[in-house]
Amino acid sequence: MKKKTFFLLPILCLLLLVAGGAGFWFFSAGSPRYIRASEAVSSSDARPKTKTNLHTSLSVPSCITKIGTDYFIVDTYHDQIICSDSLTRPLVEWQVVTDQISRGHTIAGDGAVYLADDTENDRILVFEKKDGAFLLTQEFNDIGTRPHYVVYDEETERFYAYSSMTGELYVFLRLADSSQVVLEEIRSIEKLNGIYVRSFTIMGDEIYFVSGNSTIIRARLSDLSILEEYPVPAEIAGMIQLEKIQDYYYITVSTDLTGSQDYATILRTRDLHSLAAGEYEDIYSCFVGGGTPYYMGSFDGHYYLTEHRIPGCSIWQFDVIENEIANVTLLY
């Protein structure tokens, strides 16, 4: 009898441990931390609860996007991501996705999971939406230095997150028929190691890295081998984002080569080769000007721009009709 009890005891302990887990077990490359429901939400019954945004205005928003039927704003200096089913709702009616990040910049999703950068903590966080609330389910630590930009590419069915200071592109994959995300690969451009690069743009099987120093780099997405470089003048060297809209490349600029925001602007050009000669069109006057334009995006048939340093101006909506900017509207 004593032998049977000794044999059954470890099995019983294991069953109790699994029953108390309140979540999912997984293994992936990169060894992500598993987030238990009790850690991800603040309720005593460990069920996800919605939380309403308390701020009446935005503080340095970096990103606005739409994933499925939900709209998201990364409210960077409020250290939170908020969500709404409509862009017409007052900010105090938006739901908080997370307020457990430090200076996050972007969020992306594939319809099943959402990945967000937690910039100052060098993390990528994974969320799922359950019962109308967002639940933190995975946490990838040590993602380079200040991961600054994450996107989902439908063509390759991968998430890409960039470490803004190390030239490393982290490739994440959601496993088939699962909500489990794994770190599949880390690609890198040694030339960008130590150079502050704020974003990248995927165009088909190629990827463009905006200038954080002296050139825009066009590379092969599959291995980041450099295909071409486009030199840029010192006054627009501190670029933020590049977006191809109709016949033009639109580029937001934060600083010059020395880091001065006095040179912040929005420009466009038909040919990236022309930038070196200063042949581009400054279009910041189509908005207010004088601030720091940041990330651009498109959804619902419109384009969107986030902006810093202008009181009362945070997010713009605009159209581009036959290469002309039109219907510029201040949303927030």
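Here is a short report on the structure shown in this document. (Residues numbered from 1 in each chain as written. Predicted model: local features only at pLDDT ≥ 70, side-chain atom pairs only at ≥ 80, totals over all residues. Heavy atoms only, no water.)

**Focus on the sheet that holds strand β10 (residues 147-153)**
Taken together, four strands build an open sheet; the order of strands is β10-β11-β12-β13 and the sheet is antiparallel. Across the chains shown, the open sheet's two edge strands, defined by having one partner strand only, are β10 and β13 (181-188). Along the sheet, successive strands turn relative to each other by an average axial angle of 20°, direction set aside. With six bridges joining them, β10 and strand β11 (residues 158-163) adopt antiparallel strand pairing. Bridging across to β11, P147 finds its partner in S163. (Pairing = 2+ DSSP bridges. Helix = DSSP H or I, 4+ residues; strand = E, 2+ residues; numbered from the N terminus. Axes fitted to C-alpha atoms, helices over the stretch in contact; angles between N-to-C directions.)

**Observations concerning the pairing of strand β22 (residues 292-299)**
Each regular strand carries side chains that alternate between the two faces of the sheet. Among the eight residues of β22, seven are classified as buried, and the element is accordingly described as predominantly covered. For β22 and strand β23 (residues 302-310), the ladder comprises six bridges, and the chain directions are antiparallel. From the neighbouring strand, P293 faces β23, where its bridge partner is E307. Counting the residues in the hairpin turn of β22 and β23 gives two residues, including D300, whose phi is positive at 55°. (Buried < 20%, exposed > 50% of the residue type's maximum accessible area, 1.4 Å probe, protein only.)

**A short note on the side chain of S199**
Checked against the element boundaries, S199 lands in the loop between β13 and β14 (200-203). Of note is the side chain of S199, whose polar atom sits 2.5 Å from the backbone oxygen of I240. Once residues lying within four places of it in the same chain are set aside, the contact partners of S199 are Y149, Y208, F209, V210, I240, Q241, L242 and Y295. (Polar contact = N/O pair within 3.5 Å; in protein donor to acceptor, adjacent residues only side chain to side chain. Contact = heavy atoms within 4.5 Å.)

**Some words on the side chain of S163**
In this fold, S163 is placed in strand β11. We classify S163 as buried; its relative accessible area is 0%. Apart from the residues within four sequence positions on either side, S163 is in contact with I143, G144, T145, R146, P147, E168 and Y170.

**Observations regarding the packing of aromatic side chains**
Summed over all chains, the structure comprises 18 aromatic pairs. With a centroid separation of 5.1 Å and 90° between ring planes, the pair formed by Y149 and F200 is classed as edge-to-face. One end of the pair, Y149, is in strand β10; the other, F200, is in strand β14, with 51 residues separating them in the sequence. Summarising the aromatic geometry, the rings of F287 and F318 are spaced 5.3 Å apart at their centres and angled 85° between planes, so their arrangement reads as edge-to-face. Taken together, the residues F287 in the loop between β21 (281-282) and β22 and F318 in strand β24 (residues 313-321) connect sequence positions 31 residues apart. Ring-pair connections join several aromatic residues into one group, and the members of that group are Y149, Y162, F200, F209, Y294 and Y295. Seen from the ring of Y77, R103 lies directly overhead, with NZ or CZ sitting 4.1 Å from the centre. Lying across the ring of Y249, K244 places its NZ or CZ 4.8 Å from the centre. (Phe/Tyr/Trp six-rings, centres within 6.5 Å; stacked < 30°, edge-to-face > 60°. Lys NZ or Arg CZ within 6 Å of the ring centre and 35° of its normal.)

**A look at unusual backbone geometry**
Non-glycine residue V60 carries a positive phi angle of around 55°. Of note, V60 is situated in the loop between α2 (37-40) and β2 (61-67). A positive phi angle, near 55°, is found at N327, a position not held by glycine. Residue placement: N327 occurs in strand β25 (residues 324-330). Look at N327 and you get partly exposed, because its relative accessible area is 48%.

**Overview of the pattern of salt bridges**
Per the counting criterion, the structure on display carries 18 salt bridges. Among the salt bridges present, the one from D79 reaches R103, with a minimum N-O distance of 3.1 Å. One end of the pair, D79, is in the loop between β3 (70-75) and β4 (80-84); the other, R103, is in the loop between β5 (95-98) and β6 (107-109), and 24 residues separate them in sequence. A residue is classified by how much of its surface remains accessible, and R103, at 26% relative accessible area, is partly exposed. One salt bridge in this structure joins E120 and R146, with 2.9 Å as the shortest N-O distance. Separated by 26 residues along the polypeptide, E120 in the loop between β7 (114-118) and β8 (123-130) and R146 in the loop between β9 (133-140) and β10 bring together distant segments of the chain. (Salt bridge = Lys/Arg side-chain N within 4 Å of Asp/Glu carboxyl O.)

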